[in-house]
Amino acid sequence: MANLIVEFQIIVDSGAGLDCAAIVLAMLASHHGRWTAGFRQLWFMWIPGAIALLMFALVHVESRFLGGWLILLFAGPVCACSLPEDDSTLREVSCLGFAALVIPGAALVSQASQEALKGDHAAGRSPGNALIADFLINNGLRPGIEVAIIGDGSYAYWAHLARLHVVAEIPANTRWYQVHPALALWESGPEPQEKSLRILAQTGAEAVIADPQGVVAGSEPSIVTAPWKKISGTDAYVYFFHA
């Protein structure tokens with residue numbers, strides 16, 4: 001149910017132009033009974049989109065997953081519209097199509113300008129990633145070596161810089177959890193730490209990098225025992241299995 005709500009929010013937010021176009025076209029249709037019949041006849045267009053949304057709702061939902069499926073989902077109601085053939089209708093449809101293009105176009109320009117002005121993805125440009133990559137390389141991790149991460153792997157740009165392969169992850173999402181998993185691990189005591197590290201070692205990783213970036217303020221680790229090593233200039237720590 002939570003994922004269905006997320007999908008509804010994506011449709012309303014990201015597909016606002018398409019929502020409005022479909023609603024207005026349906027209202028302009030000459031015969032609503034004919035629109036309903038056409039919508040049923042075009043089931044092969046919108047049913048796959050509806051099934052895809054249900055499929056994602058059972059697992060995981062992100063807006064980038066739904067783009068193509070939403071086109072199919074809206075193709076049914078749009079193509080089912082039967083409009084009167086006159087000049088005023090053609091003008092209305094032209095204006096509607098232009099407006100539906102302007103809305104996503106404006107969003108695209110806004111996002112591109114944020115990228116150009118470095119207002120987005122600041123974490124990827126952080127010098128911390130270069131410091132982590134440099135530390136790992138200087139401590140024997142060569143390109144192609146497999147590592148594990150405790151944290152948000154989406155922002156582990158240091159792995160790309162050092163040409164390392166992330167093969168295991170204990171993910172962190174501070175929107176849902178107030179305690180970063182790295183902090184929870186360090187505060188858990190020797191036995192849980194050894195068990196977690198043993199599981200990560202079984203994946204073939206030669207090191208574990210814990211990067212509690214974005215952690216809740218005031219929840220810094222009270223103690224991180226050896227052989228964890230702090231990476232200077234960052235909040236990250238590394239555990240080398242070969243050590």
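Residues numbered from 1 in each chain as written. Predicted model: local features only at pLDDT ≥ 70, side-chain atom pairs only at ≥ 80, totals over all residues. Heavy atoms only, no water.

Student: Now, about the overall build of the chain: what can you tell me, with residues and values included?
Tutor: When helices and strands are counted, the chain shows ten helices and five strands. Looking at the chain residue by residue over its 243 residues, the buried ones come to 32%. Counting only contacts in the chain whose residues sit at least 6 apart along the sequence, the fraction spanning at least 24 positions is 68%. As displayed, the chain offers around 14800 Å² of accessible surface, 63% of which is attributable to carbon and sulfur atoms. (Helix = DSSP H or I, 4+ residues; strand = E, 2+ residues; numbered from the N terminus. Buried < 20%, exposed > 50% of the residue type's maximum accessible area, 1.4 Å probe, protein only. Contact = heavy atoms within 4.5 Å. Areas by Shrake-Rupley, 256 points an atom, 1.4 Å probe, with all protein chains shown as cover.)

Student: Quick rundown of unusual backbone geometry? Include the residues and the values.
Tutor: Comment: phi is negative for the bulk of residues other than glycine, and the bulk of peptide bonds are trans. With a phi angle near 60°, Arg163 is a residue other than glycine that sits in the positive phi range. Checked against the element boundaries, Arg163 lands in the loop between α8 (157-161) and β2 (165-170). Here Arg163 falls in the partly exposed class, since its relative accessible area comes to 48%.

Student: Residue-level account of the sheet that holds strand β1 (residues 146-150), with values.
Tutor: Pairing in this open sheet of five strands is mixed, and the strands run β2-β1-β3-β5-β4 from one edge to the other. Sheet topology places β2 and β4 (229-230) at the edges, where each strand pairs with a single neighbour. Both β4 and strand β5 (residues 237-240) contribute to a ladder of two bridges, which runs antiparallel. Counted as the bridge partner of Lys229 is Val238 from β5. Packing of helix α7 (residues 127-138) onto the sheet brings it into contact with β3 (207-210), β4 and β5, and relative to β5 it is tilted by some 20°. (Pairing = 2+ DSSP bridges. Axes fitted to C-alpha atoms, helices over the stretch in contact; angles between N-to-C directions.)

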